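# Inside the fold
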Amino acid sequence: ANNNTLDCHGYKINYSTSVMGFGVNNSYINYTTIRGCIIQESKGIVASDRSDGIHLRSSYFNQINNNTIQIFRGFVINLRNNVFNTSIFNNNVSVNDSVDIIGSLGNITNNKIYNNFLSGNSTTGIQLTGITSTVVDTYFSSNNSIYNNQIIINDAIGIILTLQQNFNLIYD
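Report on the accompanying structure. All values reported here derive from a predicted model rather than from experimental measurement. Going along each chain's sequence as written, the residues are numbered from 1 onward. Local features in this predicted model are restricted to residues whose pLDDT is 70 or higher, and side-chain atom pairs enter the listing and the counts only when it is 80 or higher, whereas totals over whole chains, interfaces and linings include all residues. Note that the side-chain values use all heavy atoms of the structure and ignore hydrogens as well as water.

### Here's the deal with the packing of aromatic side chains
Geometry of an aromatic ring pair is reported as the spacing of the ring centres plus the angle between the planes. Ring pairs shown here join Phe, Tyr and Trp side chains whose ring centres sit within 6.5 Å, with only the six-membered ring taken for Trp; geometry is labelled stacked below 30 degrees between planes, edge-to-face above 60, and tilted in between. The full count for this structure, using the stated rule, is 5 aromatic pairs. Between Tyr 31 and Phe 61, the aromatic rings sit 5.0 Å apart at their centres with planes inclined by 5°, giving stacked as the arrangement. Here Phe 61 lies in the loop between β6 (54-60) and β7 (63-65) and Tyr 31 lies in the loop between β3 (24-27) and β4 (32-35), a separation of 30 residues in the sequence. Its relative accessible area of 44% is what places Tyr 31 among the partly exposed residues. Arranged with centres 5.0 Å apart and planes meeting at 5°, the rings of Tyr 114 and Tyr 147 form a pair that is stacked. Pair noted here: Tyr 114 is in strand β14 (residues 112-114) and Tyr 147 is in strand β18 (residues 145-147), with a separation of 33 residues, a long-range link. Assessed through its relative accessible area of 17%, Tyr 114 is described here as buried. Think of it in three bands: residues with accessible area under 20% of the maximum for their type are buried, residues over 50% are exposed, and the middle band is partly exposed, with areas taken using a 1.4 Å probe on protein chains only. Look at Tyr 147 and you get buried, because its relative accessible area is 16%. Through pairs of rings, three or more aromatic residues link up here, namely Phe 89, Tyr 114, Tyr 147 and Tyr 171. Each helix is a run of DSSP H or I of at least 4 residues and each strand a run of E of at least 2, with the numbering of both proceeding from the N terminus.

Listed below in C-alpha cells is the structure:
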C-alpha cells in the first residue's frame, strides 16, 4: 500500500538478531515517510552477513528523516534500482565496518541527501553507483543533490560517484 508513515516517536527497531534482514523494507511502495526511529542492528548475525537498516527498492517520493541508525555490516540506507524523488535528511548515523552509509545502485534520480551526520570506520559515507553492462540495461544516477552533510569516516572515503553519473550536485 502506498502513502504510509512509520513514525516511531523515538522507539527502537532492533533487527537481524539471528538472520540477515532489513530494519525497514520499503520495496515497491511509494510516498512513504520513515521518521523518529532508532534503528539498530543486533550483533547476533554472522559478520559476513549484510543487513540494511533501511532498504528502498523501486520506490518513489519518500522521506527518511530524524532517525538514529546504528549498524555493524551492510548498508545503513540502501537505495536500489529505480528510487526517485526521495529526501534523506536530519538523520544521525553511526556504523562499524559497513559497506556504505548511504549507498545506491542503479537508476537513482532526483533525490536529496542533506543535513545528515554520518560517522563510521572502514566504510564509505555516500556512494552513488550506476550500472552499465552489455547484458543488462544501463542505469544512471542523475540529478541528485547532496549537501550540508557532516561526514566523519576513518580509513575510507566520504563521497564516491561511480559509473554512469549525470548532473549530480554536491556542496557544503
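### Digging into the nonpolar core
Throughout this description, the term nonpolar core refers to a set of buried Ala, Val, Leu, Ile, Met, Phe, Trp, Tyr and Cys residues connected via side-chain atoms within 4.5 Å. The biggest cluster of nonpolar side chains holds 25 residues, and the ones touching the most others in it are Ile 39, Ile 54, Ile 64, Ile 69, Val 76, Ile 77 and Leu 79. Listed by contribution, the elements that provide at least two residues to this core are β2 (12-15), β6, β8 (68-71), β9 (77-84), β11 (92-96) and β16 (124-129). Counting residues per element, this core draws most heavily on β9, which supplies 3 residues.

### Some points on the state of the cysteines
Cysteine sulfur atoms are paired as a disulfide whenever they fall within 2.5 Å. Scanning the entire structure with this criterion turns up 1 disulfide. There is a disulfide in this structure between Cys 8 and Cys 37, and the S-S distance comes to 2.1 Å. Sign of the S-S torsion, about 70° for the bond between Cys 8 and Cys 37, identifies this disulfide as right-handed. Remark: Cys 37 occurs in the loop between β4 and β5 (38-41) and Cys 8 occurs in the loop between β1 (4-7) and β2; sequence separation between them is 29 residues. Take Cys 8 and Cys 37: they sit in the same class, and that class is buried.

### Thoughts on the pattern of salt bridges
Salt bridges, as used here, are contacts in which a Lys or Arg side-chain nitrogen is within 4 Å of a carboxyl oxygen on Asp or Glu. Within this structure, the stated rule accounts for 1 salt bridge. Across the pair Arg 35 and Asp 7 runs a salt bridge, and its minimum N-O distance is 2.9 Å. Here the residue Arg 35 occupies a position in strand β4, and Asp 7 occupies one in strand β1, the gap between them amounting to 28 residues. Overall, the relative accessible area of 32% leaves Arg 35 in the partly exposed class.

Taken by themselves, the reported measurements are silent on function.
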